[in-house]
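Chain residues, written in single-letter form:
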Amino acid sequence: MGDMVVVRKEGLYCVPGDFYIDPWRPVERAVITHAHGDHARHGSAHYLTAAPGVGVLRTRLSEDASIEGIAYGEKIRHKDVTLSLHPAGHVLGSSQVRMECGGEVWVASGDYKVEADKTCAPFEPVCCHTFITESTFGLPIYRWEPEQDIFDDINRWWRKNADEGRCSVIFAYAFGKAQRILSGLDPATGPIVCHGAVEPLNRAYRAAGVALPPTSMVTDVEKAALRRALVIAPPSAAGSPWMKRFGDCSDAFASGWMLLRGARRRRSVDRGFVLSDHADWPGLMTAIRATEAERVIVTHGSIPVMVRWLCQQGLSAAGFETEYGDEDEAVTAAPLAGEAADA
Ligand SMILES: [Zn+2]
Ligand SMILES: [Zn+2]
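Residues numbered from 1 in each chain as written. Chains lettered and ligands numbered in written order. Predicted model: local features only at pLDDT ≥ 70, side-chain atom pairs only at ≥ 80, totals over all residues.

Novice: Whenever I open this one, the overall build of the protein chain confuses me. Can you help?
Specialist: Helix and strand counts for the protein chain come out as seven helices and 18 strands. Taken over C-alpha atoms, the radius of gyration comes to 20 Å for the protein chain, in line with the 20 Å a tight globule of 343 residues would show. Overall, the protein chain is about 65 × 45 × 30 Å in size when its C-alpha atoms are taken along their principal axes. Within the span of the protein chain, comprising 343 residues, buried residues form 48% of the whole. Long-range contacts, defined as pairs at least 24 residues apart, comprise 59% of the intrachain contacts of the protein chain with a sequence gap of at least 6. (Helix = DSSP H or I, 4+ residues; strand = E, 2+ residues; numbered from the N terminus. Rg over C-alpha atoms; globule rule 2.2 N^0.38 Å. Buried ≥ 20, exposed ≤ 12 C-beta atoms within 10 Å, placed from the backbone. Contact = placed C-beta atoms within 7 Å.)

Novice: What is the right way to read the packing of helix 3 (residues 177-184) against helix 4 (residues 199-207) from this model?
Specialist: When two helices pack together, their arrangement is given by the angle between their axes and by how far apart the axes lie. At a minimum axis separation of 10 Å, helix 3 and helix 4 run at an interaxial angle of 65°. Between helix 3 and helix 4, the crossing angle belongs to the class labelled roughly perpendicular. As for how helix 3 packs across helix 4, the hand of that crossing is right-handed. Residue-level contacts link A178, Q179 and L182 of helix 3 to L201, N202 and Y205 of helix 4. Class assignment of the residues belonging to the contact of helix 3 with helix 4 gives a composition of four nonpolar, two polar and no charged. (Axes fitted to C-alpha atoms, helices over the stretch in contact; angles between N-to-C directions. Parallel < 35°, antiparallel > 145°, perpendicular 65-115°, else oblique. Left-handed = near helix turned anticlockwise from the far one by under 90°. Nonpolar A, V, L, I, M, F, W, Y, C, P; charged D, E, K, R; others polar.)

Novice: What exactly am I supposed to notice about the sheet that holds strand 9 (residues 95-101) here?
Specialist: Read across the open sheet, the seven strands follow the order 7-8-9-10-11-17-18; overall the sheet is mixed. Looking at strand neighbours, the two that pair on one side only are strand 7 (76-78) and strand 18 (316-319), the edges of this open sheet. In this sheet, adjacent strand axes meet at a mean angle of 25° when their direction is disregarded. Alignment of strand 10 (residues 104-108) against strand 11 (residues 130-135), held across three bridges, turns out to be parallel. Across the sheet, A108 pairs through a bridge with I132, a residue of strand 11. Of the strands in this sheet, strand 10, strand 11 and strand 17 (295-301) touch helix 6 (residues 281-291), which is tilted by about 170° from strand 11. The strands touched by helix 7 (residues 303-312) within the sheet are strand 11, strand 17 and strand 18, with strand 18 carrying the most contacts at an inclination of about 170°. (Pairing = 2+ DSSP bridges.)

Novice: Which parts of the structure should I look at to understand the domain arrangement of the protein chain?
Specialist: Interface extent is often summarised as the accessible area lost during association of the parts. Taken domain by domain, the protein chain consists of domain 1 (5-142 + 277-332) and domain 2 (147-273). One C-alpha centre belongs to domain 1, the other to domain 2, and the line joining them spans 29 Å. Among the residues forming the side of domain 1 that touches domain 2, the class breakdown is nine nonpolar, six polar and six charged. (Domains from an automatic or database assignment.)

Novice: Quick question: what am I supposed to make of helix 7 here?
Specialist: Of the positions making up helix 7, those classed as buried are M306, W309 and L310. Within helix 7, the buried residues cover an arc of 100° as seen down the axis, which keeps them to one side. The exposed set on the far side of helix 7, more than 90 degrees from its buried face, consists of P304, R308 and Q312. Residues of helix 7 that are buried in the fold lie against strand 11, strand 17 and strand 18. (Arc of directions from axis to C-beta.)

Novice: Sorry, what's going on with the pairing of strand 8 (residues 81-87) here?
Specialist: Consecutive side chains of a regular strand alternate in pointing toward one face of the sheet and then the other. Counting buried positions along strand 8 gives five out of seven residues, so the element sits mostly inside the fold. Counted between consecutive antiparallel strands, the loop separating strand 7 from strand 8 contains two residues, among which K79 sits at a positive phi close to 55°. The pairing of strand 8 with strand 9 spans six bridges and is antiparallel. Its bridge partner lying in strand 9, L85 is registered against V97.

Novice: Help me understand the pairing of strand 15 (residues 250-254) in this model?
Specialist: For strand 15, a buried count of four out of five residues is recorded, marking the element as mostly surrounded by other parts of the structure. Bridge count for strand 12 (residues 168-171) against strand 15 is four bridges, and the pairing is parallel. Bridge pairing in strand 15 places I170 opposite A252. Bridge count for strand 15 against strand 16 (residues 271-273) is three bridges, and the pairing is parallel. Within the sheet, the bridge partner assigned to A254 lies in strand 16 and is F273. With helix 5 (residues 261-267) bridging strand 15 and its parallel neighbour strand 16, the resulting β-α-β unit is right-handed. (Right-handed = clockwise from strand over helix to strand, strands pointing away.)

This is the structure in structure tokens:
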């Protein structure tokens, strides 16, 4: 049998199952690992995704898109393939795709994070012969602190600003990162305000049963109360007229890229919080080992470094060229010379 998954111009294609995984061009059947823009694109005839992700996927595609949800672990048959979805721990509804055909098992990871958090089902290692892994932060320099330490830093920064009568603004990707920050905030400090791009995602999370602290739109909060507020806004809101109402505020950016001094400098914010929804280097290695795969195919991120390292570990490894980006790539636009920030 040839390879179960190959790269076609439309995207990753499962040959015996006749479907695509996160295709970047419209196709007949798309299996979607999660609803980030670079993985969930418009125009396909049918979409299949994990049940907890149906709500968010619908907010990103359209009301009338044909979307089917299946429970994590539920097996369905498509052509010659038995397919199931397993939690990837990345964002609400994110999954790894397990494909079995004639005793051979392949798993495509989508984006994943190994550390558990309160906003989505935790990453589940799935045994397979071939593992297709992402590598967004696939360099040994990327190591995350436990998320509680980051939440403590954020809460401390917010409290200090509030006590000084200054509003706190965090720029964070609207889907996933924003809700994860929310899950760690101490609402006793002051009101929590979310930008109009963030609030619909909060609603989808709450509808899926994720507990988030109360949030308001800026128009619902008295001007005086804004001085104690924490505001969550997408990176695109930085420098926009929408920001004017917060006056002399302290601003911050939350992303894994904040580990890089150059990325912090480019955002020119007061604080950078290193919080990522992707696995760090040890996380990638733990996850890959846990699959017991003898063959690993590396996609978007640091492909050459990961492939070389995995080959040194005695695995068979290769790269797949894909058109996935990174939801936080705005942070790394125009990398400075000598900086590893090419995602
Ligand atoms: Zn993603
Ligand atoms: Zn991705």
